[in-house]
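Structure at a glance
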Amino acid sequence: MTKPASRTDRRVTVGLLVLSAVPVIAGASRVTQLTAGAAVTPANERFFAVPLPVVAHIIGASLFCLLGAFQFHRGLRRRRPRWHRLAGRVLALCGIVAALSGIWMTLYYPLPVSDGARFGVLGISRLGFGAVMAAAIVLSVVAIRRRDIVRHRAWMIRAYAIGLGAGTQVFTLLPWMLLLGQPGVGTRAVLMNAAWVINLLVAEWVIRRRPRRRSPVPAAPAGAPATVGR
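Residues numbered from 1 in each chain as written. Predicted model: local features only at pLDDT ≥ 70, side-chain atom pairs only at ≥ 80, totals over all residues. Heavy atoms only, no water.

Let's talk about the side chain of S101
Operational definition: For helices the rule is a DSSP run of H or I covering at least 4 residues; for strands it is a run of E covering at least 2, with both sets numbered from the N terminus onward. Two N or O atoms count as a polar contact when they lie within 3.5 Å, although within protein this holds only if one can serve as hydrogen donor and the other as acceptor, and sequence-adjacent residues are included solely when both atoms are side-chain atoms. The contact criterion used is simple: two residues touch if any of their non-hydrogen atoms lie within 4.5 Å.
With respect to the helices, strands and loops of the structure, S101 is situated in helix α5 (residues 81-108). Engagement of the side chain of S101 in a polar contact is seen with the side chain of H57, the distance being 3.1 Å. Setting aside its immediate chain neighbours within four residues, S101 contacts P53, A56 and H57.

Written out as structure tokens, the structure is:
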């Protein structure tokens, strides 16, 4: 790997870690409140009543974002392929936990007024993006088991983009809050959805700028299903 490429890899990894920092820190603070017995308020009483889903979501999403940042470092993938595979297994499990627990919380937790109706714009968006994230991870695992590296990378990049939505939401929500105060229900839904859309647009750009080469696939044994590739 050339030095410029190595520097680019480091910058991408550091940038993704920085983008992950706010939701990871906020999640760690929430877990600390739950484990340390902080005061119960109307804003957090639903978490104290049923803590397991939110703890699972925070741990799953935090590991998914942090580990995922290192998977974008091409030099690390090439030098440490065993680490890449092991981290990928943990990453997939954490992503599924984060997506499914997020769906559960949307369906069953009492929602704050700022979120609007359970099946309003934001609620439907959370359910939809959570389902797409889980499906993308499953498709990625299926692809790599078929040795289809191109599709594996594409689906994992999409899943990671959705999982990192909470980081981008800081940049879509914070300027509005600083300039105009708390957004209304509709505006908040638009700003939060904008973060997911931005991430997915960037993900598709990353996927399409990669060389679209067919991955080398070993010959399948007689009677085995054919491997799908590009």
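Regarding the confidence of the model for the protein chain
We apply this condition: pLDDT runs from 0 to 100 and stands for how confident the predictor is about each residue.
When pLDDT is averaged along the protein chain, the result is 88; 89% of the residues meet or exceed 70. In the model of the protein chain, helix α4 (residues 74-79) stands out as the element of lowest mean pLDDT, 84, in contrast to helix α6 (residues 121-145), which has the highest, 97. Considering only residues more than four positions removed or in separate chains, one finds that residues 213-230, a stretch of pLDDT under 50, has 24 contacts.

Points about helix α8 (residues 165-180)
Formally: Expected helix span is computed as 1.5 Å times (number of residues minus one). We define the bend at any residue as the angle between the axes fitted to the seven residues before and including it, ending there, and the seven starting there. Here the term buried applies to any residue with accessible area under 20% of the maximum for its type, exposed to any over 50%, and partly exposed to those in between, with areas from a 1.4 Å probe on protein chains only.
For α8, spanning 16 residues, the distance from its first C-alpha to its last is 22 Å, which sits close to the expected 22 Å at 1.5 Å a residue. By the largest-angle criterion, L173 marks the main kink of α8, which is about 30°, and a proline, P175, follows within four residues. Along α8, the residues classified as buried are G165, G167, T168, Q169, T172 and L173. Just past α8, the residue G181 takes up positive phi, approximately 90°.

Quick word on the packing of α5 against α6
Packed helix pairs are characterised by how far apart their axes lie and by the angle those axes make with each other. We count it as follows: Note on definitions: angles span 0 to 180 degrees between N-to-C directions of axes, and those axes are lines fitted to C-alpha atoms, for helices only across the stretch in contact. By the definition adopted for this analysis, an angle is roughly parallel if under 35 degrees, roughly antiparallel if over 145, roughly perpendicular if from 65 to 115, and oblique otherwise. By definition, any crossing whose near helix is turned counterclockwise from its far helix by less than a right angle is left-handed, and any crossing with a clockwise turn is right-handed. Polarity classes work like this: nonpolar for Ala, Val, Leu, Ile, Met, Phe, Trp, Tyr, Cys and Pro, charged for Asp, Glu, Lys and Arg, and polar for all others, with Gly in that last group.
At a minimum axis separation of 9 Å, α5 and α6 run at an interaxial angle of 160°. In terms of their interaxial angle, α5 and α6 are classed as roughly antiparallel. For the pair α5 and α6, the crossing hand works out as left-handed. Contacts between α5 and α6 pair A92, G95, I96, A98, A99, I103, T106 and L107 from the former with G123, R126, L127, G130, A131, M133, A134, I137, V138 and V141 from the latter. Across the contact of α5 with α6, the residue classes tally to 13 nonpolar, four polar and one charged.

Digging into the packing of aromatic side chains
In this description, an aromatic ring pair is defined by two values, namely the gap between the centres and the angle between the planes. Threshold: The rule is short: rings of Phe, Tyr and Trp, with Trp giving its six-membered ring, pair when the centres are within 6.5 Å, and they are stacked under 30 degrees, edge-to-face over 60, tilted in between. By the criterion adopted, a ring carries a charge over it if an Arg CZ or a Lys NZ lies within 6 Å of its centre and within 35 degrees of its normal.
Tallied over the entire structure, the rule returns six aromatic pairs. Seen from their ring centres, F72 and Y160 are 5.3 Å apart, and the 50° between their planes marks the pair as tilted. Residue F72 is located in the loop between α3 (51-71) and α4, and its partner Y160 is located in helix α7 (residues 149-163); the two are separated by 88 residues in the primary sequence. With a relative accessible area of 4%, Y160 lands in the buried category. By the ring-pair criterion, three or more aromatic residues cluster together here, those being F47, W104, Y108 and Y109. Over the face of the ring belonging to W155 we find R158, whose NZ or CZ atom lies 4.6 Å from the ring centre.

Brief notes about a nonpolar patch on the surface
We count it as follows: Like-charged residues are merged into a patch within 9 Å and nonpolar side chains (Val, Leu, Ile, Met, Phe, Trp, Tyr) within 5 Å, provided each residue has over 30% relative accessible area and no salt bridge. Per-residue accessibility takes into account occlusion by the displayed protein chains alone, with areas from the Shrake-Rupley method and a 1.4 Å probe. Basic side-chain nitrogens of Lys or Arg form a salt bridge, by our definition, when they fall within 4 Å of a carboxyl oxygen of Asp or Glu.
Among the surface-exposed residues, L174, W176, L178, L179 and L180 lie close enough to one another that they form a single nonpolar patch of about 570 Å² accessible area. Its place among the elements puts L179 in helix α8.

Observations regarding the pattern of salt bridges
Under the definition given, this model contains six salt bridges. Across the pair D115 and R188 runs a salt bridge, and its minimum N-O distance is 2.3 Å. Residue D115 is located in the loop between α5 and α6, and its partner R188 is located in helix α9 (residues 185-209); the two are separated by 73 residues in the primary sequence. For the pair D115 and R188, one class covers both residues: buried. Between E204 and R158 there is a salt bridge, with the nearest N and O atoms lying 2.6 Å from each other. Pair noted here: E204 is in helix α9 and R158 is in helix α7, with a separation of 46 residues, a long-range link. A relative accessible area of 18% means that R158 is categorised as buried. A network of salt bridges, in which partner residues are shared, links D115, R126 and R188.

Remarks on the packing of α6 against α7
Viewed as axis vectors pointing N to C, α6 and α7 meet at an angle of 155°, and their least axial separation amounts to 8 Å. On the basis of their axis angle, the class for α6 and α7 is roughly antiparallel. By crossing handedness, the relation of α6 to α7 is classed as left-handed. Facing F129, V132, M133, A136, I137, L139, S140, A143 and I144 of α6, the residues of α7 in contact are I149, R151, H152, W155, M156, A159, I162 and G163. Of the residues assigned to the contact of α6 with α7, the class counts are 13 nonpolar, three polar and one charged.

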